[in-house]
Amino acid sequence: MKNIFICMLVPLLILSACKKKDINDVDVPAVEASGGLITWAPHFPDGEDAVTITFDAARGNGGLKDASGDIYMHAGVITDKSTGASDWKYVKTSSFNTPDPAVVLTALGNNLYKISISPRSFFKVPAGEKILKLALLFRNADGSRVARNADNSDIYLPVTQPGALDVRFVNPEFSPTYTPAPAVQVKEMGQDLTISAITSRQANITLYLNGAAIATTSNATSITANKKVEGTGSQTVKVVATSAGSTVESSFTFTVNGTVEVAELPSGAKEGVTFINSGRSAIFVLYAPGKQFAYVAGDFNDWKPEAAQFMKRTPDGKSWWVQVDNLDPAKEYAYQYWVDGSLKLADPYSEKILDPSNDSYIPSAIYPNLKAYPQGKTIGNVSVIQAGSSKYSWKNSSFQRPETKDLVIYELHLRDFLGAHNYTALQDTLNYLSRLGINAVELMPVKEFEGNSSWGYNPSFFFAADKYYGTKVALQQLIDECHSRGIAVILDMVLNHAFGQSPMVQLYFDQTSGKPSAGNPWFNADPTHPFNVGYDFNHESPDTKRFVKNVLKFWIEEYKVDGFRFDLSKGFTQKNSGTSDAAVNTWSAYDASRIQIWKEYHNFIKTIDPTFYVILEHFAADAEERELSNEGMMLWNNMNHAYNEGTMGYVNNSDLSRAFYDKHGFEKPYSLVTYMESHDEERLMFKNIQYGGFAGTYNTRDLATALKRQELAAAFFFTVPGPKMVWQFGELGYDKSIDENGRTGEKPILWQYNNDARRKALSQVYSRLINLKKNNAVFSSTDFLYNLSGAVKTITLKSPSMNVVVVGNFDLVSKQATVTFPAAGNWYDHFSGSRTQISGGALTLGLGAGAYHIYSTAPLK
């Protein structure tokens, strides 16, 4: 059986048609292919008069299929002043997340919607500026569901300039991408290929196949031909229209496949790209079980599916491969896999991709000399390879990771931490973190994610560092410099799910249901647990496990990172608990299958790097977390609520006991990564100032008082044995809400807080406490007592070298408290520098609201 598929050879010529009727103008008949994602009338809108756009929510990526509520158009225009596909001008709505009645569509039923606009007046485009295309997306009211093309690219509607001849194909159906491309395919040799084209006014029209005319007509506005597909190889369809001395044309190509060759993978070849012959040849390997055929197309063959790049299939029917020769090792090549005639995909193993919608917004200062996207050659994301790219030469080979008991992790999001939001700027900021005493940095996700400005929990390419933050080498340099300063680097690793730009999602996707198809080797059609976003990995699939292990090994070896914090680790299960909020308790219950999955991954990591940090954002039953901790994994320990209740003075809900590992039933003492704040929790200072308690003149909503309450919390945070994590700017009392500009939206970057003496004082207390923790073994002691549920809280730590007692008043009023000390004698008050004689094993203290002390039997370092 021989198959063909169709691809664009050149972009459609967007020329013009005069809207005002003259003797040469006629109504263009409705010669249409099967309904597409969008259809419009008239066929050749001129940008001046009204155009009616009909949107089919069941087509494209299916993002709004069967959606309830109103549907809105998010739209702008591409003009002669635009620099490319992403340079939308005169965007109609300023917010993507709020309803706008000016762009609401009329529901027609059966997933169809329409809207009528007059582009120049609707978008307020100045006279004289040419409108070339309408740029469109469709969304629901809050922007949580978005419809795009099947490849998740933006939607474009061509506009014809007044006064010129224009021509376009209407059969086969074309996807409304920036460079329109056929959306349909002819699958079998001998099948009829129907070709139809229309013109904006009467013209002499001829259709050609491989240079030979197959249909011609005079003084017409449409032409149709039927032709049986014969032969193999590349074939070209062209339409030429001539009227009143003007000639326009458009063309596309299709390829008739030969017989698929079955052959074993060459020795040493692996998924992705393997260079051989000193980089002059490359073996491309795509894992795609059940597919019928595949090509690799790219710069090396002018983006044409040639016979030389027709991929072989392995005997097990699961992988496709081909060797491409005559490469220049010094040159970057962009490429894609073209699968089954309808899918154009970047490589799942890409270390660098080009994104036609987002790359233009990345400043050259952050990513210099970024390769240009192959506009007009293809659509969707493309991969980039270079055999001769210089390998980073690591400078630090003697870095010793901090012991887990001493870990003080600083979680940060590059976008919201530094205005320059890049690896180089962060490298220049390491002095700040070193002075604070930080010995580990945890970067929020840096793998290639969808869009640019994002938290990063919407991954699409798992081997590529996102270009929005800089180059691969810049990330390696940052890690190297961190190691030179004694700072470990932990990456936030998102492997619970992937988003729609992932080639593995697109390879097996059911457009009708808008879900991964049942045969997808990696993904569930429906998620198995609450809080899932994107598309849920099937974590028991052998294909998923192999892929995940390849990802982990790559980042450990290629970037020399020191640990992973696994996002949504509780989601690594095929036990279906349902997806509603009511199912959270069921999902959190002890799950032996989930434990086994994590043991397998943990053991795999340890075979590569025995001291590697494995941290889980798990939040499951204590029994399950205890079992994981016994294997050597660490667990996130969210204490935000209790600490914040304490800082606000609401002592009844401020029990800090679960900061200690024994309260979880754990046997290993340094298994909890405890935090008061993280990227995912409200900022303590925001709630202090907005909702804090008060009594008389003592008011935790006062800035100075609120900051002092943060000192109190810090004293009962850093002195608890075990790893600790600080969220960026927590040391300065950052008081902007997590929900400012939307939960995941950009937040104010307030380095000027360092100029406020009150905030600087808090930072200094953080620094002193961090250094106490790292420099004094007593703060790693497993011999402790605590009383952390009342207004006056105490921690007692004992070690062979010294004993420590921490005492503080979380109430809003002064308290008299009798504090038990484990031994008589001189005790040093660390912060005041005074000494207190203890006799009888107890001391009665008068503690003002918010007061705290750290006493020790020997001076602390």
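Here is what the cut-offs are and how they apply
Residues numbered from 1 in each chain as written. Predicted model: local features only at pLDDT ≥ 70, side-chain atom pairs only at ≥ 80, totals over all residues. Heavy atoms only, no water. Helix = DSSP H or I, 4+ residues; strand = E, 2+ residues; numbered from the N terminus. Rg over C-alpha atoms; globule rule 2.2 N^0.38 Å. Buried < 20%, exposed > 50% of the residue type's maximum accessible area, 1.4 Å probe, protein only. Expected span 1.5 Å × (residues − 1). Polar contact = N/O pair within 3.5 Å; in protein donor to acceptor, adjacent residues only side chain to side chain. Pairing = 2+ DSSP bridges. Contact = heavy atoms within 4.5 Å. Salt bridge = Lys/Arg side-chain N within 4 Å of Asp/Glu carboxyl O. Axes fitted to C-alpha atoms, helices over the stretch in contact; angles between N-to-C directions.

## Concerning the overall build of the protein chain
When its secondary structure is counted, the protein chain shows 14 helices and 49 strands. Taken over C-alpha atoms, the radius of gyration comes to 32 Å for the protein chain, in line with the 29 Å a tight globule of 861 residues would show. Here the C-alpha coordinates of the protein chain stretch approximately 110 × 60 × 45 Å along the principal axes. Sorting the 861 residues of the protein chain into buried and exposed places 59% on the buried side.

## Looking at helix 7 (residues 542-559)
Across its 18 residues, helix 7 extends 26 Å between first and last C-alpha, which sits within 8% of the 26 Å expected from 1.5 Å per residue. Along helix 7, the positions that sit buried rather than exposed are Asp543, Thr544, Lys545, Phe547, Val548, Lys549, Val551, Leu552, Phe554, Trp555, Ile556 and Tyr559. One side-chain oxygen at the N-terminal end of helix 7 lies 3.1 Å from the backbone nitrogen of Asp543; it belongs to Ser541. The first or second residue beyond helix 7 is Lys560, which carries a positive phi of 55 degrees.

## A closer look at the sheet that holds strand 21 (residues 319-324)
The strand order across the open sheet built from four strands is 17-18-21-20, with neighbouring strands paired in antiparallel fashion. Since the sheet does not close on itself, it has two edges, and those belong to strand 17 (272-276) and strand 20 (312-313), each with one partner. Alignment of strand 20 against strand 21, held across two bridges, turns out to be antiparallel. Looking at the pairing, Arg313 lines up with Trp320 of strand 21.

## Considerations on unusual backbone geometry
In the segment running from Ala41 into Pro42, the intervening peptide bond is cis, with an omega of 0 degrees. As for its placement among the helices and strands, Pro42 is situated in the loop between strand 2 (38-41) and strand 3 (51-56). Each neighbour pair has its own omega, and for Asn171 with Pro172 the value is 5 degrees, a cis peptide bond. In this structure, Pro172 sits in the loop between strand 10 (167-171) and strand 11 (174-175). Here Asn210, not a glycine, exhibits a phi torsion of approximately 55 degrees, which is positive. Among the structural elements, Asn210 can be located in the loop between strand 13 (192-209) and strand 14 (212-228).

## Re the environment of Val104
Here Val104 shows up in the loop between strand 4 (72-79) and strand 5 (106-109). As for Val104 and Leu491, which are separated by 387 residues in sequence, their C-alpha atoms are 41 Å apart. Sequence-distant contacts of Val104, that is, excluding residues within four places in its chain, are made with Asp70, Ile71, Tyr72 and Ile115.

## Concerning the pattern of salt bridges
If you walk through the whole model with that rule in mind, you get 36 salt bridges. A salt bridge links Arg546 to Glu271; the shortest N-O distance between them is 3.0 Å. You can see Arg546 sitting in helix 7 and its partner Glu271 sitting in the loop between strand 16 (246-256) and strand 17, a full 275 residues away along the chain. One salt bridge connects Glu711 with Lys708, and the closest N-O pair in it is separated by 3.4 Å. Of the two residues, Glu711 and Lys708 are both situated in helix 13 (residues 703-715); the distance of three residues between them amounts to about one turn of the helix. Residue classification places Glu711 among the buried positions, given a relative accessible area of 5%. Here Lys708 falls in the partly exposed class, since its relative accessible area comes to 48%.

## Overview of the sheet that holds strand 46 (residues 825-829)
Sheet architecture is open: six strands sit in the order 42-43-44-49-46-47, paired in antiparallel fashion. Strands with a single pairing partner mark the edges of an open sheet, and in this sheet they are strand 42 (783-787) and strand 47 (835-838). Within this sheet the neighbouring strands show an average axis-to-axis angle of 20 degrees, counted without direction. In this fold helix 13 packs onto strand 44 (803-809) and strand 49 (852-856), with an angle of close to 145 degrees to the strand it touches most, strand 44.

## Digging into helix 5 (residues 472-484)
With 13 residues, helix 5 should reach 18 Å at 1.5 Å per residue; the first-to-last C-alpha distance of 19 Å fits that figure. Among all positions of helix 5, only Ala474, Leu475, Gln476, Leu478, Ile479, Asp480, Cys482 and His483 are buried. Buried positions along helix 5 lie against helix 3 (423-427), helix 4 (430-436), strand 27 (440-443), strand 29 (459-465), strand 30 (488-493) and helix 7. One or two residues past the end of helix 5 sits Gly486, with phi positive at roughly 80 degrees.

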